[in-house]
Amino acid sequence: MATPVGAPGAGLRDAHRHLGVMPAYPFYGGPPVNPDTTARATVADLLDDLDAEGVERALVMPNYGVPIPELAFSFNPLVIEAAAKDDRVRAALWVSPRAADAALTADALTLAGEPGVRALKISFLLGGAPDDPDTQPGLDAIFAAAREHHLVVHVHTSPGAASDIDRVGLLVDRYADDVDLHLVHFGGGMSGHIKLVGSRFFDWIAAGKRVYTDLSWAIGFTPRWLAAEIDRRGLGADRVLFASDQPWGDLDGEYTRLRAAVADGELARAVFRDNFDRLYT
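Below is a summary of the structure that appears in this document. (Residues numbered from 1 in each chain as written. Predicted model: local features only at pLDDT ≥ 70, side-chain atom pairs only at ≥ 80, totals over all residues. Heavy atoms only, no water.)

1. Concerning the overall build of the protein
Thinking step 1. Counting secondary structure elements, the protein contains 10 helices and 8 strands.
Thinking step 2. Since a compact globule built from 281 residues should have a radius of gyration of about 19 Å, the 18 Å found for the protein is in line with a globular shape.
Thinking step 3. C-alpha atoms of the protein, sized along the principal axes, occupy 50 × 40 × 40 Å.
Thinking step 4. The buried share of the protein, taken over its 281 residues, is 55%.
Thinking step 5. Long-range contacts, defined here as pairs at least 24 residues apart, represent 79% of the contacts in the protein between residues at least 6 apart.
Thinking step 6. Of the roughly 11,100 Å² of accessible surface on the protein, a fraction of 54% belongs to carbon and sulfur atoms.
Thinking step 7. Mean positive and mean negative side-chain charge positions of the protein (26 and 39 charges, respectively) differ by 5 Å. (Helix = DSSP H or I, 4+ residues; strand = E, 2+ residues; numbered from the N terminus. Rg over C-alpha atoms; globule rule 2.2 N^0.38 Å. Buried < 20%, exposed > 50% of the residue type's maximum accessible area, 1.4 Å probe, protein only. Contact = heavy atoms within 4.5 Å. Areas by Shrake-Rupley, 256 points an atom, 1.4 Å probe, with all protein chains shown as cover. Lys, Arg positive; Asp, Glu negative; His and termini not counted. Charge placed at Lys NZ, Arg CZ, Asp CG, Glu CD.)

Below, the structure is given as structure tokens:
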């Protein structure tokens, strides 16, 4: 039997993985821990992982999560190094719209034209919000750089607080007419999934918004429902990408769940290969 298109070793693209090792941190008031147990510190280790997994292209960005903004920014040279060393790697730079990070972001944006850079990564997990007036100048600067350099803005979503799709969706409304916007984790939870599959994701596409997503962290029913809606509506097959989110996600688990939903036809080729090539190569 032939290997399915997109299977590890058969053209798989990964639109979201991290590079860099962070110190242990006392998350949620507990003892210092390192939950990202497969984090990689070097380009060589990253490339070894791609070899072992059969990943032929990957968008690689700084690791983050510990609330030390300087740490995530410090990994930007590392992801640029990875992209320069191996053509399988495309780099996403860590940037932040927070006013407190304005100088660090300005320095990071000077790297936006470096070879191999294809995206700018933002997350509100470390502070700020899409509707916070203090972040507006930073957001404008980030999206202006993305527009100038033809980069994707890659933004985390998760339920509640500043990363909720109700608030991150404001970025789609404001910027996605002329900038590609990748909504990571497809809303990140039950409420976001239902809002997006139920109508919002397709409404944005129909309105001409340049919006993309991946299904990493998606709750079990979501990939099948989204695939069925794409088929029913005849819309959205070109907007969904495979992503592992390693070391916070699990490539094998993410692949298996998504493969079960999209089978081995045209949608599978789009999700596991073609959409990445159009957006990030």
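And the narrative resumes.
2. Considering the pattern of salt bridges
Thinking step 1. Counting across every chain of the model gives 22 salt bridges.
Thinking step 2. A salt bridge links Asp-264 to Arg-259; its shortest N-O distance comes to 3.4 Å.
Thinking step 3. Via salt bridges that share partners, Arg-13, Glu-56 and Asp-277 belong to a single interconnected network. (Salt bridge = Lys/Arg side-chain N within 4 Å of Asp/Glu carboxyl O.)

3. What to know about the layout of surface pockets
Thinking step 1. By volume, the largest pocket amounts to about 450 Å³.
Thinking step 2. Its residues placed into classes, the lining of the largest pocket shows 10 nonpolar, 6 polar and 2 charged. (1 Å grid on protein atoms, 1.4 Å probe; cavity = no way out; pocket = protein on both sides within 12 Å on 5 of 7 lines; lining within 4 Å. Points joined across faces, edges and corners; volume = space filled by probe spheres on them. Nonpolar A, V, L, I, M, F, W, Y, C, P; charged D, E, K, R; others polar.)

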